[in-house]
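These are the residues of each chain, in order.
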Amino acid sequence: MKRRVPLTRRAVGVLVAAGVCLIFARGIGSPELLAAAGLLVALVAASFGAVYLERPSLRVDRTTRPDLVAVGGRISVEVTIAETSALPHVHTEWKDRVPAGLAGSAEGTLPSTGVAGIGSRRRTAEYTVTALRRGEHELGPLGLTVSDPFGLVVRRRDVGGTHAVVVLPEVVVLPEIPALTASRDGSTRPSSLHVGAGEDDIIARPYLPGDAIRRLHWRASAHHGELMVRQEEQRNDPEATVLLDTAAAHWAWPDDDPSYLPAFEQAVSLAASITAHLVDADYRVNLVGAGTEELSREIGARSAAGGLRSSPVGDMGDALARGGQHLEEDDLDAALLDLALLRPSVQPNRFLDLSPVIAARRSQPVIAILGDVEEGDLGELTAVAHLSPLPVALLPAGARRRSIELLESAGWRCHVGERGASFQALWSGTSGPATTTLAPSTGRGGRGGQGGRRAAGGAYVRR
């Protein structure tokens, strides 16, 4: 924080008065006015020396409560300034730097340091910011504007370091559904969202499009008055894989800022919501990034799921230094921290070899959250579809019609939304027929504005 002219308007007025006294002193030969002019100039010079020649020792500490919040949460920040100075500072303005991912007013005036003397004096300031974007954000450095006791000279300087604040992706509560979806031939189903422990069981559930006719349960259909099918269900802890497309090119739009991709942020929030929903429903979840090795974590069923989403966990500096390893490896909170720090991949090879990840879990469904994938990216996705009995593709920000056709031909059940569409509606659509297209639930502009159009079949098409 620089200022070329350190003098205030009051100081300029004092110097003008000194000049007037000097002129009149010479005109009328008054030594008193000459002395007054000298005193006024000396006052400004002394104030300048007090502010700029003194080198006070300053230390800035920040305390945030909580250390971790989700998008939309509020963070209280307390700034403590410890100062060792031989002179008092009557007027000190402060302004903390708030990054783009946070919003709030972080400026004010500190109280006077009081009487000069040896020793450290501590002053505090508080403000509140709102989390707008997930990720790690740096508060600071702190800008101070110090003035002398007469308010004649000011000095602006940045002091202290920065303080890391981590914002977790927003976790949306998703509705419960009878099961994830029907398999392609109706013969295989994942365990339901309410499972216990024990032997295999045969239950009846409502008929869904895609179920095989041979699996109709006629007695249950007559009893319920609607078509019911047999579901052979293992009542042990079920597993599922959540696959997140992390390729930046799949989520970028021509009018997007390259440093911030709204569609990718939407996908991360959806992945966090689905993972939390499945874990809360006693699923063991395998969270995998399709384009990066940085996201690969297994989250145990019934893992502690209330920590990072609602309250601070230990010291944030220690959490970041150790990469979240102070948390249990299979804990949902650790997975949310991974998602908070995840960045879209810009590597030319956008998709990793996912076969080993899925092959060990051939009996579990795969929920893939995909962007606008291209034909060259479908090789690994086809292999995953062949390994999983229940491949479900969620495209929350739309995709090319050709990409959707290729995914469906590979065996994926596609559910297409638009940027701004309801997560709840997209998730509930997994119980219905494939190629469900959802429109935005809010007034925000979707993909129909620039760079795309609607196809006749309802699926979104990018040019």
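Bear in mind that the values here come from a model prediction, so they are computed numbers and not experimental data. (Residues numbered from 1 in each chain as written. Predicted model: local features only at pLDDT ≥ 70, side-chain atom pairs only at ≥ 80, totals over all residues. Heavy atoms only, no water.)

## A closer look at the UniProt feature "transmembrane region" (unreviewed entry) in the protein chain
- In the UniProt entry, the feature "transmembrane region" (unreviewed entry) is given for residues 12-28 and 34-53.
- Within the segment residues 12-28, helix and strand shares are 100% and 0% respectively, and the terminal C-alpha atoms sit 24 Å apart.
- Along residues 34-53, the helical share is 95% and the strand share 0%, with 27 Å between the first and last C-alpha atoms. (UniProt positions renumbered as here; feature names shortened; annotations may be inferred. Helix = DSSP H or I, 4+ residues; strand = E, 2+ residues; numbered from the N terminus.)

## Digging into the packing of aromatic side chains
- Using the criterion set out here, one finds three aromatic pairs in the structure.
- Relative to Tyr-52, the ring of Phe-48 lies with its centre 4.8 Å away and its plane at 10 degrees, an arrangement referred to as stacked. Of the two residues, Phe-48 and Tyr-52 both sit in helix H2 (residues 31-52), four residues apart, roughly one turn of that helix.
- Under the relative-accessibility criterion, Tyr-52 is labelled partly exposed at 23%. (Phe/Tyr/Trp six-rings, centres within 6.5 Å; stacked < 30°, edge-to-face > 60°. Buried < 20%, exposed > 50% of the residue type's maximum accessible area, 1.4 Å probe, protein only.)

## Quick notes on unusual backbone geometry
- Residue Pro-66 is reached from Arg-65 by a cis peptide bond, and omega for that bond is -5 degrees.
- Tracing the chain through its elements places Pro-66 in the loop between strand S1 (57-65) and strand S2 (68-70).
- With an omega dihedral of 0 degrees, the bond running from Gly-140 to Pro-141 counts as a cis peptide bond.
- Topologically, Pro-141 is positioned in the loop between strand S8 (135-139) and strand S9 (142-147).

## Observations regarding helix H10 (residues 401-409)
- All of the buried residues along H10 are Ser-403, Ile-404, Leu-406 and Leu-407. Down the axis of H10, the buried side of the element spans an arc of 165 degrees, and every buried residue falls inside it.
- Remark: Gly-411 follows H10 within two positions and exhibits a positive phi of approximately 110 degrees. (Arc of directions from axis to C-beta.)

## Remarks on the pattern of salt bridges
- A complete count under the given rule lists seven salt bridges for this structure.
- Between Asp-96 and Arg-62 there is a salt bridge; the shortest N-O distance is 2.8 Å. Taken together, the positions of Asp-96 in strand S4 (residues 91-96) and Arg-62 in strand S1 put the pair 34 residues apart, joining distant regions of the chain.
- Classification of Asp-96 by relative accessible area gives buried; the value is 3%.
- For Arg-62, a relative accessible area of 11% translates into the label buried.
- For the salt bridge of Asp-338 with Arg-297, the shortest nitrogen-to-oxygen distance reads 2.5 Å. Of this pair, Asp-338 sits in helix H7 (residues 332-340) while Arg-297 sits in strand S16 (residues 296-299), and the two are 41 residues apart along the sequence. Neither residue differs from the other here; Asp-338 and Arg-297 are each classed as buried. (Salt bridge = Lys/Arg side-chain N within 4 Å of Asp/Glu carboxyl O.)

## Description of a nonpolar patch on the surface
- A contiguous nonpolar patch, built from Val-12, Val-16, Val-20, Ile-23, Phe-24 and Ile-28 and spanning about 580 Å² of accessible area, is present on the exposed surface.
- Looking at the element boundaries, Phe-24 is found in helix H1 (residues 9-28). (Patch = residues over 30% accessible without salt bridge, like charges linked within 9 Å, V, L, I, M, F, W, Y side chains within 5 Å. Areas by Shrake-Rupley, 256 points an atom, 1.4 Å probe, with all protein chains shown as cover.)

## Overview of the nonpolar core
- With 39 residues, the main nonpolar core has Val-242, Leu-244, Trp-251, Ile-274, Leu-278, Leu-339 and Ile-369 as its most contacted residues.
- Elements with a contribution of two residues or more to this core: strand S14 (239-244), helix H4 (262-280), strand S15 (284-289), H7, strand S17 (366-369), strand S18 (391-395) and helix H11 (423-428).
- Per element, the largest residue contribution to this core is 11 residues, and it comes from H4.
- If you look at the next biggest cluster of nonpolar residues, it comprises 23 residues, including Val-366, Ala-368, Ala-385 and Val-416. (Core = buried A, V, L, I, M, F, W, Y, C linked by side-chain atoms within 4.5 Å.)

## Re the sheet that holds S2
- Pairing is mixed across the open sheet formed by three strands, whose spatial order is S2-S11-S8. The open sheet is flanked by S2 and S8, the only strands paired with a single partner. Averaged over all adjacent pairs, the angle separating strand axes in this sheet is 35 degrees, with direction ignored.
- Summarising the sheet, S2 and strand S11 (residues 163-168) pair through three bridges and their orientation is parallel. Bridge assignment links Ala-70 to a residue of S11, and that residue is Leu-168.
- Its contacts with the sheet place H7 against S2, S8 and S11, and it is angled at close to 110 degrees to S11. (Pairing = 2+ DSSP bridges. Axes fitted to C-alpha atoms, helices over the stretch in contact; angles between N-to-C directions. Contact = heavy atoms within 4.5 Å.)

## Considering the side chain of Thr-92
- One can find Thr-92 in strand S4.
- Here Arg-123 takes part through its side chain, which lies 3.5 Å from a polar atom of the side chain of Thr-92.
- Among residues more than four places away in sequence, those in contact with Thr-92 are Gly-108, Thr-109, Leu-110, Arg-123, Leu-144, Thr-145 and Val-146. (Polar contact = N/O pair within 3.5 Å; in protein donor to acceptor, adjacent residues only side chain to side chain.)

## Quick look at the environment of Leu-139
- Among the secondary structure elements, Leu-139 is positioned in strand S8.
- Measuring from C-alpha to C-alpha, the distance between Leu-139 and Arg-97 comes to 5.9 Å, with 42 residues separating the pair along the chain.
- Non-local contacts of Leu-139, meaning those with residues more than four positions away in its chain, are made with Arg-62, Thr-64, Val-77, Arg-97, Val-98, Pro-99, Leu-102, Tyr-127, Gly-161, Thr-162, His-163 and Val-165.

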